[in-house]
Amino acid sequence: MGRLLPTTPYRGTRDFLPSEMSVRQQVFHQLYEAIERYGFVRYDGPILESAEIYEAKSGQEIANQQLYSLTDRGGRRLALRPEMTPSVARMIAGNAGQLQLPVRWYSHVICHRYERPQRGRMREHLQINVDIFGSDSVSCEIEIFELIHDMMAAIGATKDMWVLRAGDRVLLESILLDVVKVPADKLQETSSLIDRWAKYPREKLVADAEDLGIDEKRFDLLEEVLSSGTGVLDYISEEARSRSMLAQILAGDSRDLVTFDPFIVRGLQYYTGTVFEVFDQHPQNSRSLFGGGRYEDLAGLFTTQSIPGIGFGMGDVTLHDFMEGHGLLPEPRAEVDAVVIPVGADLLPDCRSVARDLRRAGIRTSTPLEPRKLSKELVRADQVGAQVAVVIAPSEWERGLVAVRNLATREQIEVTLSEVVGQVSKLLGR
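None of the values given here were measured: they were computed from a predicted structure. (Residues numbered from 1 in each chain as written. Predicted model: local features only at pLDDT ≥ 70, side-chain atom pairs only at ≥ 80, totals over all residues. Heavy atoms only, no water.)

**Q** Explain the overall build of the protein chain to me, please; I cannot follow it from the model alone.
**A** Secondary structure summary: the protein chain contains 16 helices and 16 strands in total. Relative to a compact globule of 430 residues, whose C-alpha radius of gyration would be 22 Å, the protein chain shows 28 Å and is clearly more extended. Referenced to the eigenvectors of the C-alpha coordinate spread, the extents of the protein chain come out at roughly 95 × 60 × 50 Å. Within the protein chain, buried positions represent 50% of all 430 residues. The long-range fraction of contacts in the protein chain, counting pairs at least 24 apart against all pairs at least 6 apart in sequence, stands at 68%. Accessible surface, the protein chain as shown: approximately 21,800 Å² in total, 48% of it carbon and sulfur. Distance between charge centroids for the protein chain: 6 Å, based on 50 positive and 62 negative side chains. (Helix = DSSP H or I, 4+ residues; strand = E, 2+ residues; numbered from the N terminus. Rg over C-alpha atoms; globule rule 2.2 N^0.38 Å. Buried < 20%, exposed > 50% of the residue type's maximum accessible area, 1.4 Å probe, protein only. Contact = heavy atoms within 4.5 Å. Areas by Shrake-Rupley, 256 points an atom, 1.4 Å probe, with all protein chains shown as cover. Lys, Arg positive; Asp, Glu negative; His and termini not counted. Charge placed at Lys NZ, Arg CZ, Asp CG, Glu CD.)

This is how it looks when you write it as structure tokens:
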């Protein structure tokens, strides 16, 4: 016998057994319902894309370090999808003439990134992506923020468990260029410095700032401005505030939807305005759960038509950690609602006939695949979570009767064949 292959999945990927899938599907269903109540419609796209679209718009970290890339037999450079936004921008651009913009789209797709597996990060993950394309109205930001609140409520999260923080690339650019006087050619690198502000000690940040030509006096000013909360708006020109969607929200009736945080930058290159992240408030998992932002020119890779957008991606790994930490994960669903058990192999065809009637009524029903003793089948029925057992015995069957047993109370009654569906439905509370 040859060498046996390993049974563990590739590092950074996961297997999901039926009980785990049950929990995941319940959570996803709640999220889908919340999203679709806003009129978002679901789409999908290929897991393989041209590597160019990620190299152009996903940022250097993804393009140079995290991309799973390959060359096909035709010499084309392809990549496994690390994120969905460039793909959906391609789809929107390619179908813009047929779409009634603006549109609300969402997807739930597998993404791959080659990075070190750790808490909250895997090499393969599922991600819900929600985007509005074709509008530069501040109403888009407000709707996205309202949707996030409803999605978190849908999974049972209360407002003390999480916080939505938002910054703005327009406001940040004004701070850096107009207030701190950062050279224009150092704007992106300085933004990256701010993006990692909470991850490094102050001495490291000062040293990195000096490498960018920002002396300690200007670093102190930058720190003062960024730490002033909504007071940062006092430093910013009226022109910049008028271009900022977030500034308009903070000055309006929707201000309570979001907490202003100028340190929210997000590293992806395609964001041009509002950027936001949802953070877990649990002390043992104080980290970003998911985020997104506004992009004015992402579709510009594929079309000369201006198609602005705003959206976010919610990954399943951090979502699971959040729900587990707050005790929000549901219990796995039972495998079936009812079982139909024949007392004797010769009654299997009749057993299947009764089961068909129950299934047509929408009741999840199983029958034995192999003949076994009634006692063993009842034990198995408990194990799979069935609430009701329909027992078909020879003498009762000859009289047109079957036994319907409540597996919780062990109470049992005999009913006619025409009454089986009604009695089982009653016991199931339907």
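**Q** Help me out: how do you make sense of the nonpolar core in this one?
**A** For soluble globular proteins, nonpolar side chains are generally found buried alongside one another. I144, I148, M152 and F322 are the most contacted members of the largest nonpolar core, which totals 68 residues. Ranked by residue count, the leading element in this core is helix α5 (residues 138-154), at eight residues. When sequence neighbours within four positions are dropped, the list of residues in contact with I144 reads F40, V130, I132, F276, I310 and F312. Residues I92, V103, Y295 and I307 belong to the second largest nonpolar core, which totals 23 residues. (Core = buried A, V, L, I, M, F, W, Y, C linked by side-chain atoms within 4.5 Å.)

**Q** Looking at this structure, how should I read the pairing of strand β9 (residues 274-280)?
**A** Look at any regular strand and the pattern is simple: side chains alternate between the two faces of the sheet. With seven of its seven residues buried, β9 lies for the most part within the structure. Across seven bridges, strand β7 (residues 162-168) lies against β9 in antiparallel orientation. Bridge pairing in β9 links R165 to E277. As defined by bridge partners, β9 adjoins strand β10 (residues 288-295) across five bridges and the pair is classed as antiparallel. Among the inter-strand pairings, F276 is bridged to a residue of β10, identified as G292. (Pairing = 2+ DSSP bridges.)

**Q** Mind showing me how you'd approach the sheet that holds strand β3 (residues 69-71) here?
**A** Each strand in a sheet pairs with another by means of backbone hydrogen bonds, the pair being arranged parallel or else antiparallel. Ordered in space as β2-β4-β3, the three strands form an open sheet in which the pairing is antiparallel. Edge positions in the open sheet fall to β2 (48-50) and β3, since each of these has one partner strand only. This sheet shows a mean twist of 40 degrees between the axes of neighbouring strands, independent of strand direction. Two strands pair when backbone bridges link them, and β2 and strand β4 (residues 77-80) are joined in this way by three bridges, in the antiparallel orientation. From the neighbouring strand, S50 faces β4, where its bridge partner is L78. (Axes fitted to C-alpha atoms, helices over the stretch in contact; angles between N-to-C directions.)

**Q** How should the packing of aromatic side chains be read in this particular structure?
**A** Aromatic ring pairs are defined here through the distance separating the ring centres and the angle between the ring planes. The full count for this structure, using the stated rule, is ten aromatic pairs. Look at F133 and Y295: their rings are 5.9 Å apart centre to centre, the planes differ by 50 degrees, and that puts the pair in the tilted class. Taken as a pair, F133 in strand β6 (residues 124-133) and Y295 in strand β10 lie far apart in primary sequence, 162 residues in all. The class of F133 is buried, set by a relative accessible area of 1%. The rings of F145, F276, F290 and F312 are connected pair by pair, giving a single aromatic cluster. Lying over the aromatic face of F16, R24 brings its terminal NZ or CZ to 3.8 Å of the ring centre. (Phe/Tyr/Trp six-rings, centres within 6.5 Å; stacked < 30°, edge-to-face > 60°. Lys NZ or Arg CZ within 6 Å of the ring centre and 35° of its normal.)

**Q** Would you mind showing me how to read the packing of helix α6 (residues 169-179) against helix α9 (residues 216-226) here?
**A** When two helices pack together, their arrangement is given by the angle between the helix axes and by the axis-to-axis distance. Contact pair α6 / α9: the axes reach a minimum separation of 11 Å and the direction vectors enclose 145 degrees. Every pair of crossing elements has a handedness; the one defined by α6 and α9 is right-handed. Residues L172, I175, L176 and V179 of α6 touch α9, and the partners they reach there are L221, L222, V225 and L226. Classifying every residue of the contact of α6 with α9 gives eight nonpolar, no polar and no charged. (Left-handed = near helix turned anticlockwise from the far one by under 90°. Nonpolar A, V, L, I, M, F, W, Y, C, P; charged D, E, K, R; others polar.)

**Q** Can you walk me through the pattern of salt bridges in this structure?
**A** Pairing between side chains becomes possible if they bear opposite charge and their charged atoms approach one another. Applying the stated rule across the entire model yields 24 salt bridges. Where E239 meets R243, a salt bridge forms, and the shortest distance between an N and an O atom there is 2.6 Å. With E239 and R243 both in helix α10 (residues 238-243) and four residues apart, this pair spans about one turn of that helix. Overlapping salt bridges, with partners in common, bring together R14, R24 and D316 in one network. (Salt bridge = Lys/Arg side-chain N within 4 Å of Asp/Glu carboxyl O.)

**Q** Help me understand the sheet that holds strand β16 (residues 412-416) in this model?
**A** Read from one edge of the open sheet, five strands run β13-β12-β14-β15-β16, paired in mixed fashion. Two strands close off the open sheet at either side, each with one partner strand: β13 (365-366) and β16. Examined bridge by bridge, strand β14 (residues 388-392) and strand β15 (residues 401-406) share four bridges and lie antiparallel to one another. Looking at the pairing, V390 lines up with V404 of β15. Helix-sheet contacts for helix α13 (residues 348-360) involve β12 (338-342), β13 and β14, and the interaxial angle to β12 is about 160 degrees.

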